[in-house]
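Results of the structural survey
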Amino acid sequence: MDIETAIRERRSIRKFKKDPIPEEMIREILDGARWSPSWGNTQSWELHVITGEILETLKKANRQKILDGILPSPDIEMPLEWPDRMKARYMGIGKSVLTALDIARDDREGRQRYNTDMFHLFDAPGLIIAATDKAVTSRYALLDVGLILQTICLLAHGKGLGSCIMACAIAYPDLLRSLAHIPGDKTIAMGVVLGWPDPEAPVNRFKRSRAALDDFVTWIK
Ligand SMILES: Cc1cc2nc3c(=O)[nH]c(=O)nc-3n(C[C@H](O)[C@H](O)[C@H](O)COP(=O)(O)O)c2cc1C
């Protein structure tokens, strides 16, 4: 698959088949992704691959936290206020997902069910947590994390695997530290789930949108 196709075709997958991912395949993806750029070639990212029983326990515990009404407290604070046009996009993706799942706006129970499914990480069979050593965590290190995560998603797509970068996966860092044994001296930056996409699921097929070039590009000559 050429790069342009991979970039345009990749999309966040929110419904997976049950089948596990061969460990060798994850290894190949990560082996490719280590060639991602980073500031000064520092390669400050650290990746934790979580599968099997530990992932199942983690998904349940993550879901339970949100069901118990415990507010997420990620290591990297999540901005709550966004400018209107960005908020509109954020609301737009939520609407697209719920429409694809046939959940009406006023269906509180349906929305709650979806939210808990999301905190159950869409029941994906694989999770990669990107962390950095607390001693080196900086905005630059976080840029590097973003770069390697996009590379992982593209390489996964090239192998027919689906992915979804998920803030919900790192909402409760204490869980990752206790259940997945991620040491306390790491900043847990972001997670990405992996698995075989359900190609028929409307939630994996709805039309996505992007701003037009002129909305965000300035040409200086
Ligand atoms: C840092 C980050 C965190 C995200 N967290 C979530 C999440 O918790 N749940 C979710 O369903 N999607 C999450 N997404 C996926 C975005 O909603 C998605 O990338 C965006 O809507 C664009 O859609 P696309 O990936 O299908 O092109 C996240 C994406 C990024 C980059």
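Further up the page is the structure itself.
Scope of this entry: the structure provided in the associated data block. (Residues numbered from 1 in each chain as written. Predicted model: local features only at pLDDT ≥ 70, side-chain atom pairs only at ≥ 80, totals over all residues. Heavy atoms only, no water.)

**Quick word on the packing of helix α3 (residues 52-67) against helix α5 (residues 108-119)**
One way to put it is that α3 packs onto α5 with a least axis distance of 8 Å and a crossing angle of 140°. When the axes of α3 and α5 are compared, the pair comes out oblique. Along this stretch, α3 crosses α5, giving a crossing that reads as right-handed. Contacts between α3 and α5 involve K59, N62, R63, I66 and L67 from the former and Q112, N115, T116 and F119 from the latter. Classifying every residue of the contact of α3 with α5 gives 3 nonpolar, 4 polar and 2 charged. (Axes fitted to C-alpha atoms, helices over the stretch in contact; angles between N-to-C directions. Helix = DSSP H or I, 4+ residues; strand = E, 2+ residues; numbered from the N terminus. Parallel < 35°, antiparallel > 145°, perpendicular 65-115°, else oblique. Left-handed = near helix turned anticlockwise from the far one by under 90°. Contact = heavy atoms within 4.5 Å. Nonpolar A, V, L, I, M, F, W, Y, C, P; charged D, E, K, R; others polar.)

**Section: the environment of V203**
Note on placement: V203 falls in the loop between β4 (186-195) and α8 (213-216). Distance from V203 to C164, taken between C-alpha atoms, is 12 Å for residues 39 residues apart in sequence. Not counting the four nearest positions on each side in its chain, V203 is found in contact with R11, R14, K15, V97, A100 and L101.

**Considerations on the nonpolar core**
Ranked by internal contacts, the top residues of the largest apolar core, which has 33 residues, are I50, L127, I129, M166, L176 and V193. Elements with a contribution of two residues or more to this core: α3, α4 (84-100), α5, β2 (126-133), β3 (162-166), α7 (173-179) and β4. If we ignore the near neighbours within four places in the chain, the residues touching M166 are M118, L121, F122, M190, G191, V192 and V193. Residues M25, A33, A130 and L194 belong to the second largest nonpolar core, which totals 19 residues. (Core = buried A, V, L, I, M, F, W, Y, C linked by side-chain atoms within 4.5 Å. Buried < 20%, exposed > 50% of the residue type's maximum accessible area, 1.4 Å probe, protein only.)

**Observations regarding the sheet that holds β4**
Sheet architecture is open: 4 strands sit in the order β1-β2-β4-β3, paired in antiparallel fashion. Strands at the two margins of the open sheet, each flanked by one partner only, are β1 (45-50) and β3. Neighbouring strand axes in the sheet, compared pairwise and without regard to direction, differ in orientation by 25° on average. Two elements, β3 and β4, share 5 bridges in a ladder whose sense is antiparallel. Pairing of S163 across the sheet is with L194, part of β4. Against the sheet, helix α6 (residues 139-158) touches β1, β2, β3 and β4, its axis set at about 10° to β4. (Pairing = 2+ DSSP bridges.)

**Structural notes on the pattern of salt bridges**
For the structure on display, the rule yields 12 salt bridges. One salt bridge connects R27 with E23, and the closest N-O pair in it is separated by 3.9 Å. With a gap of 4 residues between them, R27 and E23 both fall in helix α2 (residues 23-33), about one helical turn apart. Residue R27 is classed as exposed on the basis of its relative accessible area of 53%. According to the relative accessible area criterion, E23 is exposed, its value standing at 58%. Several salt bridges converge on common partners, so that one network encompasses K18, E56, K59 and D123. (Salt bridge = Lys/Arg side-chain N within 4 Å of Asp/Glu carboxyl O.)

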